[in-house]
Amino acid sequence: MPDPILQLSGLEQVFDTKKGKVPAVGGIDLDVEPGKVLCLVGESGCGKTTTARAAAGLTRPTAGRVAFRGKTVAQMDAAERFTYRRAVQYIHQDPYAALNPTRTVYSTLTAGLRRHRLVKSKGEARERAADILRLVDLTPPASYLDSYPHQLSGGQRQRVNIARSLAMNPELLICDESTSMLDVSIRVSLLNTLGRLRDELNVGFLFITHDLAVAKYFAWDGEIAVMYLGKVVEHGPTPQVIGDPQHPYTKALIGAVCEPDPDLARSNRAVSTLRSAEIPSLTDLPSGCTFHPRCPAFEGGLCDADAPPLQPVGGRRLACHVVARDHGRTDRGHGRPARRDGGGQVTTWSA
Amino acid sequence: MRPVNDPILSVRDLEIAYRTGRKESVTAVSGVDLDLYQGQSLALVGESGCGKTTLGLGLLRLLPKLGRITSGTLLYRLKDGSHADLLGMGKEELRRFRWNQAAMVFQGAMNAFNPVARIFDHFADTLRDHADRKRWTKRAVERKAGELLETVRLDPDRVLPSYPHELSGGMKQRALIALAIALDPQVLVLDEPTTALDLLTQRQIVQQLHELRGKFGFTMVFITHDLGLAAELADRVATMYAGRIIETGSARDIFYSPKHPYTAGLINAVMPVHGDRPALESVPGYPPSLKAMPPGCAFHPRCALATEECKLAPVALDVLAERPEGMTHAAACLHHDRVGLDGGTGARLPSSTEGEATNA
């Protein structure tokens, strides 16, 4: 196993607001390895973006630590921080808002290069910018370099956004819903481009999306972590989590996806099994498992009493009392007790 | 029973243009023919900028100031059985037509409400403006709005006195739908009804639209870029590209045997959640600018099947399979017989470098 490039351990982010403390992220442990994808999925307000912002060093977590190449970000000296800032790049959701409208593509792409003194002359900067545009399939580069954002379409702007991040030779890209505002066909080609960058440049990805299909497509060889109200409820290799979801919340999410297949849609028109459609407020979290007021597998006295730990169950980490118990039974039935590891190690999957 | 062959809405040769300068304009929608029958649900699909929203707004004459319907007819069958051309209506007639006969659910539930008016006021204003002003006393509005909100499973006591920012996205979208059907319109146009909502909320809206359609029997036109939603809600699908309808047919025809390379390309680009993970290909390139439309078939610069012939003249919709009540499958492609498919949802363009899709 290569060393993880990014480690989040016990990460907590509590915001102080007028309405009281809002625990946006309530203690999560996740690793990203070089050239691998870790995908965070979940509904709005589950803490995906807060996690990403902490990982990028844009906010200081209230507890826990973010480590880049084994070094805790909060304890870095100026030189280390400079490297970290270059190596970890963030791609925002909205390609319309993320680019400075008064800067040309050339100026946007080379701002970081000039800041980090990675180019010596204007000619070199222009050459580098052209190379990067080719990398993100904006060809010929000459026709884009002197354009302003308003002259580009949404898909082209998002490619410029990605190109800006790539200019810094990043080791980790944090993509926050970077494809969700784009049309389907453009989304696929952008994801294919990102996949190529991952494989050719060995860039690691912390990829955030609410779209399970995108998560499945992009993180097929990587991992998915499903978040709910600031906690990871299921985390494992993508084919397992998407193909054989175990947490009732993951199951509900996958069951809610509309597929472009009218017959399937008609046969699949089952009424949602969730007990409640509304997400509880972060300022007034339910007791025990925070999913219990909505959960179809809810058992009184068990789920509303204690919060379930995130423990290895069936080839993944899972936070559900009911599934873990039932799984434990079948495991014992095969004479193989479920192994516990308290350290929240991402890399060890129980059998 | 509804009379045979009497559509509720009949659109002929509709053309919509936007003014872009003193003497300049661009044509955003052209040559649209459409017959919509009572109780049907039609999805308009396509990429951004293909004219979906413009057509949807045009159906109710709700175009922004610079937009104008430059030709065509929009014939509605009204509730009393008479027919009226929307384009011949004056201001007062339009006011009575809208909401009573046809209503719109605008894109972006987040911003469709007036942020400084309570939900109650939205209902009161709508009912009083589009129906008999004197009938709608405070109590009458409360009763009517309460019933409507309950049909979308919202608690009227909680929602009516609230300001829009006090509701979640899903609640706002449901309140908006309740508001749109307040005067029992026959036709409901929904622009991206589930975009920007969470997955579980999307599913809830889809279920409620099914229920409402069953209960009220309205005809639905909805605009979406989400083919999954189209498969879920539509009986009929019309694909738009560069302002024209380039393929139309029943949902099964479109999804299982698309005959326009653009429709097939869109379906190919959908990432499935269930089953395998096929390598996907996108439609290469970008849609053309309305100011510089390619000659001939507007799709030819992006099309793997394009030949010299495609560049010569615009291609008209060609009927491929006759079906009753506007379900006829038609595609505007000279090479529709070469558009490949493999039976399932994984229709593939013949140019695709991935072999035939494995359909799980």
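Cut-offs used in this document
Residues numbered from 1 in each chain as written. Chains lettered and ligands numbered in written order. Predicted model: local features only at pLDDT ≥ 70, side-chain atom pairs only at ≥ 80, totals over all residues. Heavy atoms only, no water. Contact = heavy atoms within 4.5 Å. Buried area = accessible area lost by both parts, 1.4 Å probe. Salt bridge = Lys/Arg side-chain N within 4 Å of Asp/Glu carboxyl O. Polar contact = N/O pair within 3.5 Å; in protein donor to acceptor, adjacent residues only side chain to side chain. Helix = DSSP H or I, 4+ residues; strand = E, 2+ residues; numbered from the N terminus. Domains from an automatic or database assignment. Pairing = 2+ DSSP bridges. Axes fitted to C-alpha atoms, helices over the stretch in contact; angles between N-to-C directions. pLDDT = per-residue confidence, 0-100. Core = buried A, V, L, I, M, F, W, Y, C linked by side-chain atoms within 4.5 Å. Buried < 20%, exposed > 50% of the residue type's maximum accessible area, 1.4 Å probe, protein only. Expected span 1.5 Å × (residues − 1).

*Asks:* Mind laying out the interface of chain A and chain B, listing which residues take part and the relevant values?
*Replies:* Accessible area lost when the parts come together is the quantity often used to give the size of an interface. Tallying the contact residues gives 48 residues for chain A and 43 residues for chain B. Carbon and sulfur atoms supply 58% of the area that chain A and chain B bury against each other, a total of about 4,100 Å² over both sides. Three residues, Y217(A), C258(A) and P260(A), lead the burial of chain A against chain B; their summed loss comes to 16% of the area buried on that side. R252(B) is the partner of D263(A) in a salt bridge, and the nearest nitrogen-oxygen pair spans 2.6 Å. In this structure, the connection of chain A to chain B is made through 15 residue pairs in polar contact (both at pLDDT 80 or more). Those elements giving two or more residues to the side of chain A that touches chain B turn out to be α6 (154-166), α7 (184-201), α8 (212-218), α10 (248-255) and α11 (262-267) of chain A.

*Asks:* Could you give an account of the domain arrangement of chain A, with specific residues and numbers?
*Replies:* Residues and elements named next belong to chain A. Looking at the assigned domains, one finds that chain A contains domain 1 (6-101 + 169-239) and domain 2 (248-333). The straight-line distance from the C-alpha centre of domain 1 to that of domain 2 is 24 Å. Every contact between the two is made by 22 residues of domain 1 and, on the other side, 19 residues of domain 2. Carbon and sulfur atoms make up 63% of the surface buried where domain 1 meets domain 2, a total of about 1,800 Å² over both sides.

*Asks:* Break down the sheet that holds strand β12 (residues 329-331) of chain B for me, citing the residues and quoting the values.
*Replies:* All names here are of chain B. Spatial strand order, β6-β7-β8-β3-β9-β10-β12-β11: 8 strands in an open sheet with mixed pairing. Two strands bound the open sheet, and with one partner strand each, they are β6 (102-105) and β11 (318-321). Averaged over all neighbouring strand pairs, the angle between strand axes comes to 20°, with direction disregarded. Relative to β12, β11 runs antiparallel, the two sharing 3 bridges. Bridge pairing in β12 places V319 opposite A330. Across the sheet, helix α11 (residues 261-268) lies against β9 (236-241) and β10 (244-250), angled at about 105° from β9, the strand it touches most.

*Asks:* Which residues make up the sheet that holds strand β12 (residues 317-318) of chain A, and what are the values?
*Replies:* Hydrogen bonding along the main chain pairs the strands of a sheet, whether they run parallel or antiparallel. All names here are of chain A. Strand order in the open sheet formed by 8 strands is β6-β7-β8-β3-β9-β10-β12-β11, with mixed pairing between adjacent strands. Each edge of the sheet is formed by a strand with only one pairing partner; in this case those strands are β6 (88-91) and β11 (311-312). Sitting on the sheet, helix α1 (residues 48-55) touches β3 (37-41), β6, β7 (172-176), β8 (204-209) and β9 (223-228), and the angle it makes with β8 is about 155°. In the packing of α6 onto the sheet, the strands contacted are β6 and β7, and the crossing angle to β6 comes to about 170°.

*Asks:* For the pairing of strand β1 (residues 9-19) of chain B, give the residues involved together with the corresponding values.
*Replies:* Residues and elements named next belong to chain B. Pairing between β1 and strand β4 (residues 67-77): 8 bridges, direction antiparallel. Looking at the pairing, R12 lines up with T73 of β4. Bridge count for β1 against strand β2 (residues 25-36) is 8 bridges, and the pairing is antiparallel. Along β2, the bridge assignment pairs L9 with L36. Here β1 folds back onto β2 in antiparallel fashion, the turn holding 5 residues.

*Asks:* Could you give an account of the confidence of the model for chain B, naming the residues involved and the relevant values?
*Replies:* With 92% of its residues at a pLDDT of 70 or more, chain B has an overall mean of 87. Segment residues 342-360 of chain B: pLDDT under 50, and 47 contacts once partners within four positions in sequence are set aside and those in other chains are kept.

*Asks:* Can you break down the domain arrangement of chain B residue by residue, with the values?
*Replies:* Residues and elements named next belong to chain B. Per the domain assignment, the segments making up chain B are domain 1 (9-234) and domain 2 (259-269 + 277-338). Relative to domain 2, the C-alpha centre of domain 1 lies at a distance of 29 Å. Counting residues at the interface gives 10 residues for domain 1 and 10 residues for domain 2. Taking both partners together, domain 1 and domain 2 bury about 890 Å²; carbon and sulfur atoms supply 63% of that area.

*Asks:* Break down the nonpolar core for me, with residues and values.
*Replies:* As a rule of thumb, soluble globular proteins bury nonpolar side chains together. Residues F123(B), L149(B), L188(B), L190(B), F222(B), V237(B) and F255(B) are the most contacted members of the largest nonpolar core, which totals 70 residues. Among the elements that line this core, the one with the most residues is helix α7 (residues 169-180) of chain B, at 7 residues. Lining this core are residues from two domains, each supplying at least three of them: domain 1 (9-234) and domain 2 (259-269 + 277-338) of chain B. Aside from chain neighbours lying at most four places away, what touches V237(B) is L42(B), A43(B), V45(B), E247(B), T248(B), G249(B), A251(B), I254(B) and F255(B). By size, the runner-up hydrophobic cluster in this structure holds 69 residues, among which are Y106(A), I162(A), A163(A) and L229(A).

*Asks:* Go over α7(B) with me, naming the residues and quoting the values.
*Replies:* Residue and element names in this part refer to chain B. The first and last C-alpha atoms of α7 sit 16 Å apart over 12 residues, in line with the 16 Å expected at 1.5 Å per residue. Of all 12 residues in α7, 12 are buried, a share of seventy percent or more. Three or more residues of α7 are buried, namely G169, G170, M171, K172, Q173, R174, A175, L176, I177, A178, L179 and A180.

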